[in-house]
Amino acid sequence: MMKSETMSTGNELAVDNELDIRGLCRALWQGKLWIIGLALGFALVAVLVSLLMKQEWSTTAVTDKPTVNNLASYFSQEQFLRNLDAKNTFTPAGDQASISDDAYGEFVMQLAAYDTRRDFWLQNPYYIQRKTGESGADAVLLDKLIGAIQFTARDEKKMPNDSVKLTAETAADANKLLRQYVSFASARAAQHLYDEIEGAWAARTQSMKAQVKRQEEVATAIYNRELNNTQQALKIADQQNIDHSMTDATPDRLPDSEMFLLGTPMLQAKLKLLQASGPSFDIDYDQNKAMLATLNVGPVLNAKFQTYRYLRTPEEPVKRDSPRRVFLAIMWGVVGGFIGAGVALVRRRVKTAE
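Cut-offs used in this document
Residues numbered from 1 in each chain as written. Predicted model: local features only at pLDDT ≥ 70, side-chain atom pairs only at ≥ 80, totals over all residues. Heavy atoms only, no water. Pairing = 2+ DSSP bridges. Helix = DSSP H or I, 4+ residues; strand = E, 2+ residues; numbered from the N terminus. Axes fitted to C-alpha atoms, helices over the stretch in contact; angles between N-to-C directions. Core = buried A, V, L, I, M, F, W, Y, C linked by side-chain atoms within 4.5 Å. Buried < 20%, exposed > 50% of the residue type's maximum accessible area, 1.4 Å probe, protein only. Contact = heavy atoms within 4.5 Å. Phe/Tyr/Trp six-rings, centres within 6.5 Å; stacked < 30°, edge-to-face > 60°. Lys NZ or Arg CZ within 6 Å of the ring centre and 35° of its normal. Parallel < 35°, antiparallel > 145°, perpendicular 65-115°, else oblique. Left-handed = near helix turned anticlockwise from the far one by under 90°. Nonpolar A, V, L, I, M, F, W, Y, C, P; charged D, E, K, R; others polar. Salt bridge = Lys/Arg side-chain N within 4 Å of Asp/Glu carboxyl O. Expected span 1.5 Å × (residues − 1). Patch = residues over 30% accessible without salt bridge, like charges linked within 9 Å, V, L, I, M, F, W, Y side chains within 5 Å. Areas by Shrake-Rupley, 256 points an atom, 1.4 Å probe, with all protein chains shown as cover.

1. Section: the sheet that holds strand β3 (residues 162–168)
Stage number 1. Across the sheet, which stays open at both edges, the four strands sit in the order β2-β3-β1-β4 with antiparallel pairing between neighbours. At either end of the open sheet lies a strand with only one pairing partner, and these are β2 (149–152) and β4 (309–312). Direction aside, the axes of adjacent strands within the sheet are offset by 30° on average.
Stage number 2. The pairing of β2 with β3 spans four bridges and is antiparallel. Along β3, the bridge assignment pairs I149 with L166.

2. Here we look at the nonpolar core
Stage number 1. F107, W121, I149, V164, L166 and L177 are the most contacted members of the largest nonpolar core, which has 27 residues in total.
Stage number 2. Of all the elements in the fold, those that place two or more residues in this core are β1 (57–64), α6 (99–112), α7 (114–122), α8 (125–128), α9 (135–147), β3 and α10 (171–239).
Stage number 3. Broken down by element, this core gets its largest block of residues, eight residues, from α10.
Stage number 4. Ignoring anything within four residues of it in the chain, the contact list for I149 reads R117, F120, W121, V164, K165, L166 and Y181.
Stage number 5. Y74, A103, W201 and F305 belong to the second largest nonpolar core, which has 19 residues in total.

3. Looking at the packing of aromatic side chains
Aromatic rings considered in pairs are described by the distance between their centres and by the relative angle of their planes.
Stage number 1. Taken as a whole and assessed by the stated rule, the structure comprises ten aromatic pairs.
Stage number 2. Each member of the aromatic cluster is reached from another via a ring pair, and the members are F120, W121, Y126, Y181 and F184.
Stage number 3. The side chain of R130 reaches across the aromatic face of Y126, ending 3.7 Å from its centre.

4. What about the packing of α7 against α10?
Stage number 1. Relative to each other, α7 and α10 sit at 120°, their axes nearing to 10 Å. With respect to α10, the axis of α7 lies oblique. Here α7 runs over α10; the crossing is right-handed. On the side of α7, the interface is formed by D115, T116, R117, D119, F120 and W121, while α10 contributes L177, Q180, Y181, F184, A185 and R188.
Stage number 2. Of the residues belonging to the contact of α7 with α10, the class tally is six nonpolar, two polar and four charged.

5. A few points about the pattern of salt bridges
Stage number 1. For the coordinates displayed, the defined rule picks out eight salt bridges.
Stage number 2. For D101, the salt bridge is made with K65, and the minimal N-O distance between the two is 3.5 Å. One end of the pair, D101, is in helix α6; the other, K65, is in the loop between β1 and α4 (68–71), with 36 residues separating them in the sequence.
Stage number 3. Overall, D101 belongs to the partly exposed group, its relative accessible area being 35%.
Stage number 4. A salt bridge links R82 to D102; the nearest nitrogen and oxygen atoms lie 2.5 Å apart.

6. Thoughts on α9
Residue pairs spaced three or four apart in an α-helix point in one direction, given the helix's 3.6 residues per turn.
Stage number 1. For α9, spanning 13 residues, the distance from its first C-alpha to its last is 18 Å, which sits close to the expected 18 Å at 1.5 Å a residue.
Stage number 2. In this fold, the buried residues of α9 make contact with α7, α8 and β2.

7. As for a nonpolar patch on the surface
Stage number 1. A cluster of nonpolar side chains, namely M331, W332, V335 and I339, defines an oily patch on the protein surface of about 310 Å² accessible area.
Stage number 2. Inspection of the secondary structure assignment puts M331 in helix α13 (residues 325–353).
Stage number 3. Take M331: its relative accessible area is 33%, and that puts it in the partly exposed class.

Function cannot be read off these values alone, since they describe shape.
Next up, the structure:
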């Protein structure tokens, strides 16, 4: 008897624990108005809220190293300095990075720099018009705008070129601001390169002046010594009445101590020639003088030369990044549907209990 009662109780518990799929579906169907109504209500609220949210549109630019035409006069001036260094130091030109690589490296550095982004926004009307005058709020806004510019460096495996992305409130603003930022970074890089080449030019000029002066001092010292030797040899020849050459050696092979053996006529001619011609210089001196004349003119540069070229020019985006209204409507519609289903089941259970 007890066994029978135990089995009966177990069967009742098993029945209670079973899920009544048919009853659940019937309950949901009967509460379909709640499910559909809440789903549509939540979706509508999500759409209305998205209308009040700030829009975010983003556009991307892809850049690469500039061509010779982009660099304009900077290329020729930098090449001139490199040739000058190669001549003086005998450094092979192949050991240096290309001029385009150096210029683009400076551009990428400026493009990714925090200070470049900050200075860009501080002078841009887009930020100035949105300032509230409150230092805390303006600082938060500035920090947000700085973060809206994202630079992605090239990766040989994933991305072969550098790219920069800018997010703004409208598609037109995103396109215009990114173009302005790339130009701003390029102008900043060009100014750094311009200042660098001016400093390098001044250093090369001072070095060349010192080199020319040293060559002049050496040539003058040699000239004075030769002039003095000729004068002393002429005095000795006059004293000893040597009026003709007493040696078969050429003047350039004759020691200074025996130069008087050339005789008075030849020594007088040599002295007049030295006085008329002055110090003698080799071809290196003439080349250095010509180079110094060029350096004294100074670099002739266009400070706004372009340090990059576009592989993907910024354009107005066609898809909004945020808010994604369709996604929000679907997501919150599903949430509303689940809540409606819960309401329908609760109401069904209350009616059953009554």
